[in-house]
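Given next are the chains, with one letter for each unit.
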Amino acid sequence: MVEQTTRSICRFCNSRCGVLVTSQDGQLVKIEEDRKDPGVDRLFPPTRACVRLPAAKEFVYHPERVRFPLKRKGERGENRWETISWPQAVDEIAAKVREVVDKCGPESLAATGGTGRTILWPYKRFMNLLGSPNIASQAMICFAPAHAPAAAMVGWPLRHRTHVTVQTDAHGRAVTKCVLILGMDPSQGRLRFWKSLRDAKKRGGTKIIVVDPRRTKTAELADLWLQIRPGTDTALLLSMINVIIQEGLYDAEFVRNWCYGFDALKERVKDYTPEKGAEITWVNAEKIREAARTYATERPGISTHGMGTEHLENSQDAIQARIILAALANNIDVEGGDCIIGPSPIISEVEMELGRLLSPEQRRKQIGADRFKLLSWPGRELIWEQNRKYWGSECLTYAISHEPSLMRAILTGKPYPVRALITQNSNPLVTFPNIKLVYKALKSLDLYVVKDFWLTPSAQLADYVLPTASWLERPELIGAQGLDNRIIGGQAALPAKIPGLHEHWTDYDFFRELGLRMGQSEYWPWKSLEEAFDYQIAPLGFTFKQFMEQKNGVYTINIMKDEYEKHKKRGGFGTPTGKLELYSTILEKLGYDPLPEYLEPHESHFSRPGLCKEYPFMLITGGRFIPYFHSEHRQIPSIRRRYPDPKVQIHPDTANELGIQDGDWVWIEGVRGRVRQRADLFDGMHPQVVHAQHGWWFPERPGEEPWLGGVWESNIDVLTDDDPDHCNARSGGWPLKTALCRVYKCKEVF
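The sections below set out a description of the structure shown in this document. The shown structure was predicted, so the numbers you read here are calculated from the model rather than taken from an experiment.

The rules behind these values
Residues numbered from 1 in each chain as written. Predicted model: local features only at pLDDT ≥ 70, side-chain atom pairs only at ≥ 80, totals over all residues. Heavy atoms only, no water. Helix = DSSP H or I, 4+ residues; strand = E, 2+ residues; numbered from the N terminus. Buried < 20%, exposed > 50% of the residue type's maximum accessible area, 1.4 Å probe, protein only. Areas by Shrake-Rupley, 256 points an atom, 1.4 Å probe, with all protein chains shown as cover. Polar contact = N/O pair within 3.5 Å; in protein donor to acceptor, adjacent residues only side chain to side chain. Contact = heavy atoms within 4.5 Å. Pairing = 2+ DSSP bridges. Axes fitted to C-alpha atoms, helices over the stretch in contact; angles between N-to-C directions. Core = buried A, V, L, I, M, F, W, Y, C linked by side-chain atoms within 4.5 Å. Parallel < 35°, antiparallel > 145°, perpendicular 65-115°, else oblique. Left-handed = near helix turned anticlockwise from the far one by under 90°. Right-handed = clockwise from strand over helix to strand, strands pointing away.

1. Comments concerning the overall build of the protein
Here is step 1 of the chain: Along its length, the protein carries 27 helices and 27 strands.
Here is step 2 of the chain: Seen through its principal axes, the protein has C-alpha atoms that stretch 70 × 65 × 55 Å.
Here is step 3 of the chain: The buried share of the protein, reckoned over its 750 residues, is 66%.
Here is step 4 of the chain: Summed over its atoms, the accessible surface of the protein is roughly 26400 Å², and 48% of this surface lies on carbon and sulfur atoms.

2. Looking at the side chain of Asp333
Here is step 1 of the chain: Relative to the assigned elements, Asp333 resides in the loop between α13 (315-328) and α14 (349-353).
Here is step 2 of the chain: By relative accessible area, Asp333 is classed as buried at 1%.
Here is step 3 of the chain: In this structure the side chain of Asp333 is engaged in a polar contact, spanning 2.9 Å, whose partner is the side chain of Lys566.
Here is step 4 of the chain: Beyond its immediate stretch of four places on either side in the chain, Asp333 contacts Asp338, Ile340, Tyr564, Glu565 and Lys566.

3. Observations regarding the sheet that holds strand β13 (residues 420-424)
Here is step 1 of the chain: Read from one edge to the other, the open sheet built from 7 strands follows the order β5-β4-β15-β14-β13-β6-β7, with strand pairing classed as mixed. A single partner strand is all that each edge strand has here, and the edge strands are β5 (81-83) and β7 (135-137). Strand-to-strand twist across the sheet, computed as the mean angle between neighbouring axes with direction ignored, equals 20°.
Here is step 2 of the chain: Each of β6 (109-113), β7 and β13 touches helix α3 (residues 121-130); the most contacted strand, β6, lies at about 165° to it.
Here is step 3 of the chain: Of the strands in this sheet, β13, β14 (447-452) and β15 (464-467) touch helix α20 (residues 507-517), which is tilted by about 155° from β13.

4. Brief notes about the nonpolar core
Here is step 1 of the chain: The biggest cluster of nonpolar side chains holds 90 residues, and the ones touching the most others in it are Ile241, Leu265, Leu328, Ile332, Leu580 and Leu582.
Here is step 2 of the chain: Not counting the four nearest positions on each side in its chain, Leu328 is found in contact with Ile241, Ile244, Ile245, Tyr250, Asp251, Val255, Phe262, Leu265, Arg299 and Leu582.
Here is step 3 of the chain: The next biggest cluster of nonpolar side chains, apart from the first, holds 50 residues, and it includes Val66, Ala136, Ile367 and Cys741.

5. Concerning the sheet that holds strand β24 (residues 665-670)
Here is step 1 of the chain: The sheet built from 6 strands closes into a barrel, its strands ordered β22-β26-β23-β25-β24-β27 with mixed pairing. Each strand of the sheet is rotated relative to its neighbour by a mean of 45°, with strand direction disregarded.
Here is step 2 of the chain: In the sheet, strand β22 (residues 617-621) pairs with strand β26 (residues 689-692) via 4 bridges, with the strands oriented parallel. Across the sheet, the residue bridging to Met618 is Val689, located in β26.

6. Comments concerning the packing of helix α17 (residues 403-412) against helix α19 (residues 435-444)
Here is step 1 of the chain: Interhelical geometry of α17 versus α19 gives an angle of 45° and a closest axis separation of 9 Å. Relative to α19, the element α17 lies oblique. The chirality of how α17 crosses α19 is left-handed. Residues Glu403, Met407, Arg408, Ile410 and Leu411 of α17 touch α19, and the partners they reach there are Leu437, Val438, Lys440, Ala441 and Ser444.

7. Focus: the environment of Cys142
Here is step 1 of the chain: Mapped onto the secondary structure, Cys142 falls in the loop between β7 and α4 (144-154).
Here is step 2 of the chain: Taking the C-alpha atoms as reference points, Cys142 and Lys30, 112 residues apart in sequence, are found 33 Å from one another.
Here is step 3 of the chain: Apart from the residues lying within four places of it in its own chain, the contact partners of Cys142 are Arg161, Met307 and Glu310.

8. Side note on the side chain of Gln362
Here is step 1 of the chain: Turning to its location among the elements, Gln362 is positioned in helix α15 (residues 360-363).
Here is step 2 of the chain: Those residues in contact with Gln362 that sit more than four places away from it in its chain are Pro106, Glu107, Gly131 and Pro133.

9. Observations concerning the pairing of strand β8 (residues 178-182)
Here is step 1 of the chain: With respect to burial, β8 is a largely interior element, 5 of its 5 residues being buried.
Here is step 2 of the chain: Judged by which residues are buried, β8 turns out to be covered on both faces: Cys178, Leu180 and Leu182 on one side and Val179 and Ile181 on the other are all buried.
Here is step 3 of the chain: Bridge count between β8 and strand β9 (residues 207-211): 5 bridges; the pairing is parallel. Bridging from a neighbouring strand, Val179 pairs with Ile208 of β9.
Here is step 4 of the chain: For the crossover from β8 across helix α5 (residues 191-203) to β9, the handedness is right-handed.

Take a look at the structure:
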C-alpha cells in the first residue's frame, strides 16, 4: 500500500486554509492543518478546530455525489437519468450548443457561476471565445460590487475583505488604529480578519466600529456598535462625511493635492446632518458624531464591508461613500490603511478569461448592459482604459449579465432569445432571487447543462448533469487577481478519475473539450489545468510543480513602507483626472450621479406605508452562519446533525406578541410567497426586524417535482425581490436586505 501526503488548499469555505492531505492508494485517510502555511496561526477558530474539514470523507465518498455524466431520460423534473460517457456528453452538448448558436447567435447561450468553489476563468474563456457576453454570476451581489467603485474612484480595487486584517508592526504593536466594518460578521465568514480583530481588542490601541442591524459577535467586540435600520447605510455614511467636513477633521493637504470633487461633495452632504441621519437610520445623532470623529482622528484606519452592504438596493452609493470616508482620512494606500496591491506578478485571471477577444458588437448585446452599466461591459471598458494607461494591465472588475433581466429574456425572448444555459457549480434555484420566476425560466430552456457535485434542485431541471472535481481532486492556484499580497497553490490529493468508480472532471477539462469541439483549439493549448497553471506562474520562474516543491505553494509579495502612497511616485492615481475621485467622472460618463446619494428602499415602512400594514416587519436575509457555506453541505450527515433546521431570528418581545416560542416552526410571508423556518428568539435586533437564513434546501427530500429537494419549503429566496426597477441602478444588484414580511406560527404539523 502506498501512502502519500499532499499539500492542498481547502475550499469548503472562503478561508482557503493550507492543509496536508494523507491518502493511501488513492483513498483519503486524514486531513491536517499545514504548519508550513504562513497563515496557519492567523485565523480563529484555527483550521484544526474547523467543523467542516472532518467531514471531508463524507463529502468525497457520499453515495449521492454525481460520479458520471447524467442525461435526462424523462421530462424535466422527473429525476430520471441515464449514465453516459464523457465523450458522448460533450459531443451531444456541443452539437446542441452549435444548433442554438446557428439559429439565434452566440449570445443565445448564457452561463451562470457561483462563489469560487472551483476555477472560474475557464467558463468565461469559453464564453468569450464563443462570442457570448451573457455570463451571469452571484458576483453581481458579492465581491464585484466592492471592486468597481474603487477601481473607478482610486484606479484599482482595494484589498478585498477576504484578505483584510488589522496590521501590526514587527513588535506586535498596532499600526491600524481604527477599523470600520459595515454589514459583516467576520466571526462567521472571514476568520483571518476575525482573529486579527480579537487580537487587536486584547492588545489595545485599535478602535473598532461596527455598523449592523444585528448584535453579532463582531458587534459585541466593538468599541462602538451602530444598530442601523436595514437599508440605510448610505445615509449613515453621508452623515459621517458631513461631520468630518463640518468639523474640519479631514486631511486637508491630501484632499487639496490628491482628491477631485471635494467642493461638490461638501455641497452634497451639507443636508445630511447627524440629526437627519438619525431620523433615517435610527442611530442616535451623537453616536454618528462619535463614529465620525473616531474614524477621522484614529489614523491610519481600515474600512470594509460585507454582504449586508452589497445586498442593498442602494449598495453602490454606500460603497462609494465608504471609500470617500477613507479618502478624507487619508487612509487609502498607507501602512495600516486600505491597501492597493496592484497587478499580480503572475498571469492574471482577467488575462486567462480572454475578455479582450469579445468583439465590441457582442459586448453591446450583453443583457442588462444598457441599463446596469458599472458591472457590465460599459463600466469595465472605461475602467480598463485607465488601468492600461496607469498600470499596463487590467484589474479584476466584472462584466456581468444582469441575472433578473436574463431570466426575463429566457422567458420572453426580449431583447432577443436566450435558449441555452450552462450552470457551473452554482444553484440558481436556491440562491437567485424570486425563484418562482427562475424556475419558470429554467423549465423553458431548449438546453440546460449543470456541472456540480450534487443533484441540486437546479440540476433536477437540467438536460445534462456533469460531475465536478472537488478541491481534493484538482490543483489550485489563487492570487492572480491583484487583490492580495499572497499567491497560493495546492495540489490534487486524490484521483479525479478511477475507472468504474467515478470520473470527476475539472471545469477546465470540460470547457476545453467543449471549446475544441466548437472550433476554439488555438486557445486551449494546455492539456490539463496544471499545464495552464505552468503558464500562469511562469513569470515567477517556476513550473507549478516547482512552485509547490520549492515554495510550499506560497509566494508572498512583501509590501515595504516605501511602496505605499504609490500616487506620490507615479504622479497621481489611475483615474481620468489623475486624482482620487470623490466625484467619479467614470460614473458621470456612464450617465449616473457622480456622487453618492441616499435612496429609500422600494419596499420599506416609509416607501410602502400601506403595504406595511399587512407586512409589518423588515426582513433581512443572508447573514453568514457556520457550519454551512451558502447552500452547501446540507447533505453531509455530521454537519447536518450540528445544524438540522433553518432558523429565523425574531425579537422575544415580537415573538411574545405573536404567540411564538423558541424553536417553533413559523411562516415567513411576503408579497412573493411564504416559507417556513424555526423561530430563534434573539434580542439583538430591533423588534420590527426579522432575519431569515439563506441557502436552505433539503437533499433528503425527493428530487423529482413537486419536491425538488425541498426547494420551496424554507428557501428565503421565494420571498426576495428581483424586479429590475428595484435593483441598484448602477450595478444591477438585487435587494436581499430590504423587504417587508409578516410572521406567524405554523399550524401544520411537519
